[in-house]
Amino acid sequence: MRLVVDTDVIVSAMRSPAGASAALLVLLLEEKAIMLLSVALALEYETTCMRAEHRLSAGASDMDVQNLLNSIIDVIVPVEVHYQWRPQLSDAGDEMVLEAAANGQADAIVTFNRKDYGETPAQFGIEVLTPAEALRRIQK
């Protein structure tokens, strides 16, 4: 299964290590599924995860977050964005996720914000799943 993971899921994994997002991230780090990532989305991960509010909530240092991000980068399949279909969605961050998913031929986008994507990913043959749904699919 080829997945693009929205930034909100990565933050959730940091802040709630016992939740579905963290369990999903562990499986992705173990390469039980393919995690696709564009440069733009990787930079968004870094910018968001390094925010003091998220680090403090997770009890993580700058180094802890950098180590997590480096671990993610070590296992991803990089995606080059060749086409931009903007605007398809109302949020630029969601557009970045959709572009990575479409260019990487993802099976699914993993997010908590399913409604933000609407039916647009389906036009590219991409499902939108919550972390719990993605976790169940990978574990089957």
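It should be noted that the structure appears before, not after, this text.
Thresholds applied
Residues numbered from 1 in each chain as written. Predicted model: local features only at pLDDT ≥ 70, side-chain atom pairs only at ≥ 80, totals over all residues. Heavy atoms only, no water. Helix = DSSP H or I, 4+ residues; strand = E, 2+ residues; numbered from the N terminus. Expected span 1.5 Å × (residues − 1). Buried < 20%, exposed > 50% of the residue type's maximum accessible area, 1.4 Å probe, protein only. Arc of directions from axis to C-beta. Contact = heavy atoms within 4.5 Å. Pairing = 2+ DSSP bridges. Axes fitted to C-alpha atoms, helices over the stretch in contact; angles between N-to-C directions. Core = buried A, V, L, I, M, F, W, Y, C linked by side-chain atoms within 4.5 Å. Salt bridge = Lys/Arg side-chain N within 4 Å of Asp/Glu carboxyl O.

> Which parts of the structure should I look at to understand helix 5 (residues 62–75)?
With 14 residues, helix 5 ought to run about 20 Å at 1.5 Å a step, and its terminal C-alpha atoms sit 21 Å apart, in line with that. By the burial criterion, the buried members of helix 5 are Val-65, Leu-68, Leu-69, Ile-72 and Val-75. Along the axis of helix 5, the buried positions cluster into a sector of 130 degrees, meaning they face one direction only. Exposed side chains of helix 5 directed beyond 90 degrees from the buried face belong to Met-63 and Asp-74. If you follow the buried residues of helix 5, they end up packed against helix 1 (7–15), helix 2 (20–29), strand 2 (34–38), helix 3 (39–49), helix 4 (52–58) and strand 3 (77–79).

> I would appreciate a short explanation of the sheet that holds strand 2 in the present structure.
Where strands meet in a sheet, backbone hydrogen bonds hold them as pairs that are either parallel or antiparallel. Spatial strand order, 3-2-1-4-5: five strands in an open sheet with parallel pairing. The sheet is open, and its two edges are formed by strand 3 and strand 5 (127–129), each paired on a single side. Direction aside, neighbouring strands of the sheet carry axes that sit 35 degrees apart on average.

> What should I look at first to understand the side chain of Thr-48 in this one?
By secondary structure assignment, the location of Thr-48 is in helix 3. Thr-48 has contacts with Thr-7, Val-11 and His-54, leaving out every residue within four places of it along the chain.

> Any chance you could explain the pairing of strand 2 here in plain terms?
Residues in a regular strand point their side chains to alternate faces of the sheet. For strand 2, the tally of buried residues reaches four of five residues, placing the bulk of the element in the interior. In the sheet, strand 1 (residues 2–5) pairs with strand 2 via three bridges, with the strands oriented parallel. Of the residues in strand 2, the one forming a bridge with Val-4 is Leu-36. Pairing between strand 2 and strand 3: three bridges, direction parallel. In the sheet register, Leu-36 faces strand 3, and the bridge partner there is Val-77.

> Honestly, the nonpolar core in this entry has me stumped. Any pointers?
As a rule of thumb, nonpolar side chains are buried together in soluble globular proteins. In terms of nonpolar packing, the biggest core is built from 45 residues, with Tyr-45 and Ile-72 touching the most fellow members. Dropping the residues within four chain positions of it, Ile-72 is found in contact with Ile-10, Leu-25, Leu-29, Met-35, Leu-37 and Tyr-45.

> I keep staring at the environment of Thr-120 and nothing clicks. Help me out?
Position of Thr-120 relative to the elements: it lies in the loop between helix 7 (114–117) and strand 5. Through-space distance from the C-alpha of Thr-120 to that of Ala-92 is 14 Å; in sequence the pair is 28 residues apart. The contacts of Thr-120, once residues within four sequence positions are left out, are Gln-88, Leu-89 and Leu-98.

> How should the pairing of strand 1 be read in this particular structure?
Direction of pairing for strand 1 relative to strand 4 (residues 108–110): parallel, over a ladder of three bridges. Its bridge partner being in strand 4, Val-4 is matched across the sheet by Ile-109.

> Is there a simple way to explain the pattern of salt bridges in this structure?
Two side chains with opposite charge may pair up if their charged atoms get near one another. Summed over the entire model, instances satisfying the criterion amount to four salt bridges. Among the ionic pairs, Arg-55 bridges to Asp-62, the shortest N-O distance being 3.1 Å. With relative accessibility at 18%, the residue Arg-55 sits in the buried group. According to the relative accessible area criterion, Asp-62 is partly exposed, its value standing at 41%. Linking Arg-114 and Glu-133 is a salt bridge whose minimum nitrogen-to-oxygen distance equals 2.3 Å. A residue pair is termed long-range when its members are at least 10 positions apart, and Arg-114 in helix 7 and Glu-133 in helix 8 (residues 131–139) qualify at 19 residues.

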